[in-house]
Amino acid sequence: MNVILGATGVVGSAVLDELVKRGVPTRAAFRSRVPDPRATQHARVDLSTGEGLEACLDGARTVFLATGDMVDQVGAEVRVIEAARRAGVSRLVKLSILCAGSEAFFLARVHGAIERELERSGIPNTVLRPGGFMQNFVTYYGHALKTEGVLRLPWGDGEESPIDARDIARVAAVCLTSESFTGRHLDLCGPKAMTYQEMTRVLGQAAGRELRYESIPDGVFREAMLPYAVSPAHVEGLIDMFRFHREGRAPRASDAVLEVTGTPPRSFEDFAREHAGSWRED
């Protein structure tokens, strides 16, 4: 059985889709959202307490580990790793973050600590380190773009190579069903580095309207995010991460998607055309 933790998230649901396409038996873990009917089995798990985790991992052969931002994300994911070791899991694929090895910002330190515990566990594993998701332009930025025509971030004129979550999922599916990439830390980027000015222009062309990007100070972003964040530390972590990227310290290219899957990642232009309705005015 192949267990997907985070199966209702952006990447986890895409991983589930890939495994279902391959005819691989899946057990989708969820906490409160309605479980995906495509999964072979479902398991309710609360990673913040570990409730339901042992039952979820019973008979598991592989595990895909993804969690959203949590107050104690390190504790939650290490709890999964320890339970997977006790359950005799033969392979674990962890969703991490680009530059986790640098530990240069809060989220990198969170994932870096988890990666070290995974290595210590002895479980054969692959770590996926993606950059920003193209889906962020729908799930997080879509409302502002649709209603105001403006995306505001403290990113300056720095570049990023966003990746489609479905390409992360294709890599994850290969790593879960093959030993070929065990022991690897894979940086996952889209096919082209772009500024946010360029990305919003592409979105506007697809949506048939003018969209623009506005770089804002860190303090303005902080004030806007604090009411919705998991914790103040997470907001500061996002600001640190944006600063890290806009200073050009993160990689903006990787051939890992092509290496693992045999096909290149989706282009931002293709993503924009597919989701153009997300940014059109009602």
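Preceding this paragraph is the structure being described.
What comes next is a walk through the structure.

About the cut-offs
Residues numbered from 1 in each chain as written. Predicted model: local features only at pLDDT ≥ 70, side-chain atom pairs only at ≥ 80, totals over all residues. Heavy atoms only, no water. Axes fitted to C-alpha atoms, helices over the stretch in contact; angles between N-to-C directions. Helix = DSSP H or I, 4+ residues; strand = E, 2+ residues; numbered from the N terminus. Parallel < 35°, antiparallel > 145°, perpendicular 65-115°, else oblique. Left-handed = near helix turned anticlockwise from the far one by under 90°. Contact = heavy atoms within 4.5 Å. Nonpolar A, V, L, I, M, F, W, Y, C, P; charged D, E, K, R; others polar. Expected span 1.5 Å × (residues − 1). Buried < 20%, exposed > 50% of the residue type's maximum accessible area, 1.4 Å probe, protein only. Core = buried A, V, L, I, M, F, W, Y, C linked by side-chain atoms within 4.5 Å. Phe/Tyr/Trp six-rings, centres within 6.5 Å; stacked < 30°, edge-to-face > 60°.

On to the packing of helix H1 (residues 10–21) against helix H7 (residues 165–177). Two elements in contact, H1 and H7, have axes separated by 8 Å at closest approach and are oriented at 55 degrees. One element, H1, and the other, H7, form an angle in the oblique class. Our pair here, H1 against H7, has a crossing hand that is right-handed. Judged by residue contacts, Val10, Val11, Ala14, Val15, Glu18 and Leu19 of H1 engage Ala165, Arg166, Ile168, Ala169, Arg170, Ala172, Ala173, Leu176 and Thr177 from H7. Grouping the constituent residues of the contact of H1 with H7 by class yields eleven nonpolar, one polar and three charged.

Our next topic: H7. Its 13 residues give H7 an end-to-end C-alpha distance of 18 Å, which sits within 8% of 18 Å, the value for a rise of 1.5 Å per residue. By the criterion of burial, H7 is predominantly enclosed, with eleven of the 13 residues buried. Here the buried face of H7 lies against H1, strand E4 (62–65), strand E5 (91–95), strand E6 (125–130), strand E9 (185–188) and helix H11 (256–261).

Here the focus is the nonpolar core. Judged by nonpolar contacts, the single largest core of 37 residues is most densely connected at Phe137, Leu153, Tyr196 and Trp279. For this core, the secondary structure elements donating two or more residues are helix H4 (106–121), strand E7 (150–153), helix H8 (196–207), helix H10 (232–246) and helix H12 (268–274). Discounting chain neighbours no more than four positions away, the residues touching tyrosine 196 are Phe137, Tyr141, Leu151, Leu153, Trp155, Gly158, Glu160 and Tyr213. Listed in part, the 32 residues of the second largest apolar core include Val11, Val15, Leu95 and Ala173.

What follows is about H1. For H1, with twelve residues, the first-to-last C-alpha span of 17 Å sits near the 16 Å given by 1.5 Å per residue. When H1 is considered as a whole, its buried residues turn out to be Val11, Gly12, Ala14, Val15, Leu16, Glu18 and Leu19. Buried residues along H1 sit in contact with strand E1 (2–5), strand E2 (26–30), E4, E5 and H7. Glycine 23, located one to two residues past H1, shows a positive phi value of around 75 degrees.

In this section: the packing of aromatic side chains. The description of an aromatic ring pair uses the distance of the two centres, along with the angle that the planes make with each other. Under the counting rule described, the total for this entry stands at ten aromatic pairs. When the centroid spacing of 5.2 Å and the interplanar angle of 75 degrees are considered together, the rings of phenylalanine 137 and phenylalanine 268 count as edge-to-face. In this pair, phenylalanine 137 sits in helix H5 (residues 136–139) while phenylalanine 268 sits in helix H12, placing the two residues 131 residues apart along the sequence. The same class applies to phenylalanine 137 and to phenylalanine 268, which are both buried. Centroid distance tryptophan 155 to tyrosine 196: 5.0 Å. Interplanar angle 55 degrees. Geometry classified as tilted. In this pair, tryptophan 155 sits in the loop between E7 and strand E8 (159–160) while tyrosine 196 sits in helix H8, placing the two residues 41 residues apart along the sequence. Owing to a relative accessible area of 1%, tryptophan 155 belongs among the buried residues under this scheme. Grouping aromatic residues by their ring pairs yields a cluster made of Phe137, Tyr141, Trp155, Tyr196, Tyr213, Phe221, Phe242, Phe268, Phe271 and Trp279.

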